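Residue-level structural notes
Residues per chain are reported as follows:
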Amino acid sequence: MTSKESRSIYIRVFHYLLSGRAGIKFLDDSAALPLFSSLASLAWPMAYFLDVEPSSAMGMTCLALTVAYYVLLAYGGVRIFAQLTPDKTAIRSDRYDPAQWSAVRRWTATEDPSMGAWLRRMRLKRGKRLDVIAEITSISKRNLEAIEQDRFEALPNGPQRKSWLRQYADEIGLDPARVIVLFDDYVTGGRSAVVVAPVMTLRTAATATSTAPGRDRTTSGPPRSHRCARAVFDALERVLDQRIAREEFGDALEYILGLPRGSSRVWLTIAWTVLRTSFNAIRESPSAPWGRRTGR
Amino acid sequence: METMLTARAAILQALIEGPAYGLEVIDRVHARSGGKFGVHQGSAYPVLRTLEAEGLVRSWEGDPSEARGGRPRRYYELTAEGLRSAREQRELLLTFLAPAVAR
């Protein structure tokens, strides 16, 4: 094989590596995995620049690393697909460890009542580094430190702050929706066992429906359409104005629960709610989808 | 049916009965008009938020519930200013209709 031919192969493969690189960040369980994938993704371009013969031992090693990288990408793809399926409850129980919520009680009982300090402990328990979270979420390390040092006033007010808090919570394995509920209570000065109680109740209810072994989905819990609607609304709520989304999606879910099972109105309501709420959120807060208010 | 009621006026009148959350407000309007007039969800929520921004209505969140996907209900209530505005509106409407009734 001529040098020109082998270089052409390297360029083609490198192109695929670059195009699939973004998917690796979904492999969020450990810092070692992205590190390995980064090194593996470099193997092929290194072989190109060093002009290694692809059929040599070094060339084969680079190829093996590249194959391993693709396996990781495929695994990441499966994980992404799993997160996009309507029934998110199973994924949630896998992604967010309900046991971590017992720490909320310890937090309220501890002498250090700072929510930031509690979040930091949760992060350390999860073994996540702050700079890694900063890189994945594109939130600056300075702002992440502000969260952990309980300096929430240093963050931009409104949806941006909650959006960051959600992303941060997601990265440290806490359910973002519940962290936001907790945060709302915290900033309004209502942090107490009484205020935390609804969160704990929520957790208990969610665990009962999502992690009970051998549950029969057809006879217990909400109907499939309700679960599907909830998954769609949860996903959209992440990008829309929090107040609008919480209110309108919540009411829509309650309305859907009141409709007869199997009614075609259920699916129409879901579609209509998605369109209407997105429109309202965009109209009432021009830059809501990307979480930054321009003020009015 | 053609009506002289606007969504805004209907919601203000519905809230005279007491605090209610979005769906409840829509149901009240529907019930008060005997099912002949309704406020769509597409207009009810923006109107409620506008009324709140104008200080005629105040709102607060209730407890989260599993039926709502862990989201709380948002209840609305007329402020003193809102109650005055709703009463004025009602009187104006009744005054406006009076000649038609007399005839």
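With respect to the overall build of chain A
The helix and strand tally for chain A stands at 14 helices and 0 strands. Counting from the amino terminus, helix and strand elements in chain A follow one another as α-α-α-α-α-α-α-α-α-α-α-α-α-α. Counting only contacts in chain A whose residues sit at least 6 apart along the sequence, the fraction spanning at least 24 positions is 65%. Surface exposure of chain A reaches about 15,500 Å², of which carbon and sulfur atoms provide 63%.

Description of helix H12 (residues 224-237) of chain A
All names here are of chain A. Under the 1.5 Å per step criterion, the end-to-end length of H12 is 20 Å for 14 residues, consistent within 8% with the ideal 20 Å. Summarising burial for H12: 10 of the 14 residues are buried, a large majority. Of all the residues in H12, the buried ones are Ser225, His226, Arg227, Cys228, Ala229, Ala231, Phe233, Asp234, Leu236 and Glu237.

Points about helix H10 (residues 176-187) of chain A
If you check H10 of chain A, its first and last C-alpha atoms are 16 Å apart, about what 12 residues at 1.5 Å a residue would give, namely 16 Å. Residues of H10 of chain A that are buried: Pro176, Arg178, Val179, Ile180, Val181, Leu182, Phe183, Asp184, Asp185 and Tyr186 of chain A.

Regarding unusual backbone geometry
Residues and elements named next belong to chain A. Of note, aspartate 51 is a non-glycine position whose phi angle comes to about 55°, a positive value. Relative to the helices and strands, aspartate 51 resides in the loop between helix H2 (32-49) and helix H3 (57-84). The class of aspartate 51 is partly exposed, set by a relative accessible area of 35%. Positive phi outside glycine occurs at aspartate 150, with the angle close to 70°. With respect to the helices and strands, aspartate 150 occurs in the loop between helix H8 (141-148) and helix H9 (159-171).

Quick word on the nonpolar core
Among the nonpolar cores identified, the biggest contains 24 residues, and Met115 and Leu119 of chain A are the most heavily contacted of them. Of all the secondary structure elements, the ones that give two or more residues to this core are helix H6 (115-126), helix H7 (130-137), H8, H9 and H10 of chain A. No other element matches the 5 residues that H10 of chain A contributes to this core. The next biggest cluster of nonpolar side chains, apart from the first, holds 20 residues, and it includes Ala20, Phe37, Val39 and Leu48 of chain B.

A short note on the interface of chain B and chain A
Across the contact, 22 residues belong to chain B and 26 residues belong to chain A. Each partner contributes to the roughly 2,200 Å² buried at the junction of chain B and chain A, and carbon and sulfur atoms together form 46% of this total. Of all residues in chain B, the largest losses of buried area upon contact with chain A belong to Arg49, Glu66 and Arg71 of chain B, amounting jointly to 31% of the total for that side. At the boundary of chain B and chain A, one finds 10 salt bridges. Residue arginine 68 of chain B pairs with aspartate 251 of chain A through a salt bridge whose shortest N-O separation is 2.7 Å.

Looking at the sheet that holds strand S2 (residues 57-65) of chain B
Residue and element names in this part refer to chain B. As summarised here, the arrangement of the 3 strands in space is S1-S3-S2, forming an open sheet in which the pairing is antiparallel. Every other strand in the sheet has two partners, leaving strand S1 (20-21) and S2 as the edge strands with one partner each. Note: S2 against strand S3 (residues 71-78), 7 bridges, orientation antiparallel. Paired with proline 64 across the bridge in S3 is proline 72. The sheet strands contacting helix H3 (residues 41-53) are S2 and S3, and the helix crosses S2 at an angle near 125°.

Brief notes about the pattern of salt bridges
This model, assessed by the stated rule, comprises 25 salt bridges over all chains. Two residues, arginine 246 of chain A and glutamate 61 of chain B, come together in a salt bridge whose shortest N-O distance is 2.6 Å. Here arginine 246 of chain A, found in helix H13 (residues 242-258), pairs with glutamate 61 of chain B, found in strand S2, and the two come from separate chains. In this structure, the salt-bridge partner of glutamate 24 of chain B is arginine 28 of chain B, at a minimum N-O distance of 3.9 Å. On the criterion of helical spacing, the pair formed by glutamate 24 of chain B and arginine 28 of chain B is a turn pair, its members being 4 residues apart in helix H2 (residues 22-32). Its relative accessible area of 15% is what places arginine 28 of chain B among the buried residues.

Side note on the environment of leucine 23 of chain B
Relative to the helices and strands, leucine 23 of chain B resides in helix H2. Between the alpha carbons of leucine 23 of chain B and glutamine 41 of chain B there is a distance of 8.0 Å; along the sequence they are 18 residues apart. Beyond its immediate chain neighbours, meaning those up to four positions away, leucine 23 of chain B contacts Asp251, Glu254 and Tyr255 of chain A together with Gln41 and Tyr45 of chain B.

Some details on the confidence of the model for chain A
All names here are of chain A. Taken residue by residue, chain A gives an average pLDDT of 68. The fraction at 70 or more is 58%. In this model residues 84-95 is a low-confidence stretch, pLDDT under 50, and it forms 25 contacts with partners more than four residues away in sequence or in other chains. Below a pLDDT of 50 lies the segment residues 191-219, which in the model reaches 40 contacts outside its immediate sequence neighbourhood of four places, other chains included.

Concerning the packing of aromatic side chains
Applying the stated criterion to the full structure yields 5 aromatic pairs over all chains. With a centroid separation of 4.9 Å and an interplanar angle of 70°, the aromatic rings of phenylalanine 152 of chain A and phenylalanine 183 of chain A are classed as edge-to-face. Within this pair, whereas phenylalanine 152 of chain A is found in the loop between H8 and H9, its partner phenylalanine 183 of chain A is found in helix H10, the two being separated by 31 residues in sequence. Owing to a relative accessible area of 5%, phenylalanine 152 of chain A belongs among the buried residues under this scheme. Of the residues examined, phenylalanine 183 of chain A reaches a relative accessible area of 1% and is grouped as buried. Plain terms: the ring middles of tryptophan 60 of chain B and tyrosine 75 of chain B are 6.0 Å apart, the flat faces sit at 25° to each other, and that makes the pair stacked.

So, how was this worked out
Residues numbered from 1 in each chain as written. Chains lettered and ligands numbered in written order. Predicted model: local features only at pLDDT ≥ 70, side-chain atom pairs only at ≥ 80, totals over all residues. Heavy atoms only, no water. Helix = DSSP H or I, 4+ residues; strand = E, 2+ residues; numbered from the N terminus. Contact = heavy atoms within 4.5 Å. Areas by Shrake-Rupley, 256 points an atom, 1.4 Å probe, with all protein chains shown as cover. Expected span 1.5 Å × (residues − 1). Buried < 20%, exposed > 50% of the residue type's maximum accessible area, 1.4 Å probe, protein only. Core = buried A, V, L, I, M, F, W, Y, C linked by side-chain atoms within 4.5 Å. Buried area = accessible area lost by both parts, 1.4 Å probe. Salt bridge = Lys/Arg side-chain N within 4 Å of Asp/Glu carboxyl O. Pairing = 2+ DSSP bridges. Axes fitted to C-alpha atoms, helices over the stretch in contact; angles between N-to-C directions. pLDDT = per-residue confidence, 0-100. Phe/Tyr/Trp six-rings, centres within 6.5 Å; stacked < 30°, edge-to-face > 60°.

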